[in-house]
Amino acid sequence: MDAYTSFAEVYDLFMDNVPYEEWADYMIDIFAENEVRDGIMLDLGCGTGKLARLFANRGFDMIGVDNSMDMLEIAKQAQVEEADSTILYLCQDMREFELYGTVRGIYSACDCLNYILEEDELLQVFRLVNNYLDPGGIFIFDMNTPYKYETLLADNTFAENREEGSFIWENYFDAESGINEYDLTLFVRDSDNRFMRFAEEHYQKSYSAKQVCALLQTAGMELVAVYDGYTKNPLREDSDRMTIIAREKGKKEQN
C-alpha cells in the first residue's frame, strides 16, 4: 500500500488514456438510478483527484481519501483550477479510514481495491464502507479481473516511448498466490530537457467476482449488480475489468 510516492508528480502524464469523464458520467448515472443525486460523496483511493473534481463540478460535496500525501498535494493544487467547490482531502489508509459522519455514496476507481492484498483486509474495507454509507447508500467500484492478470498482464513487459517521456513496465504474476507485481521505470523530460528517472514496485491481488461478492455480503452489504467494465453488460470470462454496485444494508432511516 506504499505505492505512488515519487511517481505521483508524473502519474497523470501516463494515465491520460483513462476516460475519467466517461467513468464519472457512468457512475453518476448509476448513483441517480439508485436515488443518489446530491449530498456528500466519498472517493476512496482518490489519487490526484481527477474523478473527485468531476463529481464536485456536478454538484456533489466531495471527500477524497488516499494514503499518498504526494498524490493529495497534487489533488489540492489542481482543485483550485478545476473544481467549482472545495474538496476535503484526507490522507488515510482505506483499510482504516474514518469519516465525520455518513455519506450518500462511495466509489473507488482505477482498480484501487486490487491493492488490498489480503481477503480479510478487503472485507474490512467493505465493512467500513457499509458503516459510513447512509441508509440505502450506494457503493460503486471497479477491479481488475483474474483474466487480466493471468492472460493480458501475465509475465510480460510493456513499454511506451513519447516525446515527453517513456516507461518500461515489467510484470510478474504468481497464479498460486494471486499476487501481481509490476516494476515501473519511467524517464520524464524536465524543463531543462533532461530526463528524470522514477522507479517503483507495485503489488496487486487477483480476486474473482465470486470472492468479491461473497465478501460484500459478509460485510453486510446487498449486491446490486456486477458488470463488464464501465458498461451494463454481463461480466464475461474475458472481461479485463469488472464494475460492482452494492447497497448499504442494516441501517434504518431516521424519521
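About the criteria used
Residues numbered from 1 in each chain as written. Predicted model: local features only at pLDDT ≥ 70, side-chain atom pairs only at ≥ 80, totals over all residues. Heavy atoms only, no water. Salt bridge = Lys/Arg side-chain N within 4 Å of Asp/Glu carboxyl O. Helix = DSSP H or I, 4+ residues; strand = E, 2+ residues; numbered from the N terminus. Buried < 20%, exposed > 50% of the residue type's maximum accessible area, 1.4 Å probe, protein only. Pairing = 2+ DSSP bridges. Axes fitted to C-alpha atoms, helices over the stretch in contact; angles between N-to-C directions. Contact = heavy atoms within 4.5 Å. Right-handed = clockwise from strand over helix to strand, strands pointing away. Core = buried A, V, L, I, M, F, W, Y, C linked by side-chain atoms within 4.5 Å. Lys, Arg positive; Asp, Glu negative; His and termini not counted.

A. Just the pattern of salt bridges, in detail. The tally for this structure, following the rule as stated, stands at 12 salt bridges. For Asp25, the salt bridge is made with Arg58, and the minimal N-O distance between the two is 2.8 Å. Of the two residues, Asp25 is situated in helix H2 (residues 20-33) and Arg58 in the loop between helix H3 (50-57) and strand E2 (61-66); the sequence distance between them amounts to 33 residues. Judged by its relative accessible area of 45%, Arg58 is partly exposed.

B. Expanded view of the sheet that holds strand E11 (residues 241-247). Here we have seven strands laid out as an open sheet, ordered E3-E2-E1-E4-E5-E11-E10, and mixed in their pairing. The sheet is open, and its two edges are formed by strand E3 (88-91) and strand E10 (222-228), each paired on a single side. Pairwise comparison of adjacent strand axes, ignoring direction, gives a mean angle of 15 degrees for this sheet. In terms of strand pairing, strand E1 (residues 40-44) meets strand E4 (residues 103-108) through three bridges, oriented parallel. What sits directly across from Met41, in E4, is Gly105. Each of E1, E4, strand E5 (133-144) and E11 touches helix H5 (residues 119-132); the most contacted strand, E5, lies at about 145 degrees to it.

C. Representation of the pairing of strand E6 (residues 157-161). For E6, a buried count of zero out of five residues is recorded, marking the element as mostly open to its surroundings. As defined by bridge partners, E6 adjoins strand E7 (residues 165-174) across five bridges and the pair is classed as antiparallel. From the neighbouring strand, Ala159 faces E7, where its bridge partner is Ile168.

D. Region of interest: the pairing of E5. The buried fraction of E5 amounts to 10 of the 12 residues, a majority that puts the element mostly inside the structure. The sheet contact formed by E4 and E5 spans five bridges and is parallel. By the bridge assignment for E5, Ile106 is matched with Phe139. Where the polypeptide runs from E4 across H5 and back to E5, its parallel neighbour, the crossover connection is right-handed. As paired strands, E5 and E11 are joined by seven bridges and run antiparallel to one another. Residue pairing for E11: Asn144 is matched across the bridge by Arg241.

E. Structural detail: the nonpolar core. The biggest cluster of nonpolar side chains holds 34 residues, and the ones touching the most others in it are Leu113, Phe126 and Phe139. For this core, the secondary-structure elements that each account for two or more residues are E1, E2, E4, H5, E5, helix H7 (209-218) and E11. Among the elements that take part in this core, H5 stands out by supplying seven residues, more than any other. Beyond its immediate chain neighbours, meaning those up to four positions away, Phe139 contacts Ile106, Tyr107, Ser108, Leu113, Phe126, Val129, Leu133, Leu216, Met221, Ile244, Ile245 and Ala246. Formed by 31 residues, the second largest nonpolar core is a distinct cluster that contains Trp23, Phe55, Tyr89 and Ala225.

F. Focus on the side chain of Asp183. Inspection of the secondary structure puts Asp183 in strand E8 (residues 179-189). Here Asp183 occupies a buried position and makes no salt bridge, while the nearest side chain of opposite charge, Arg197, is found at 9.8 Å. Those residues in contact with Asp183, other than ones at most four positions away along the chain, are Ile168, Trp169, Glu170, Tyr172, Glu200 and Glu201.

All quantities given are derived from atomic positions and should not be read as evidence of function.
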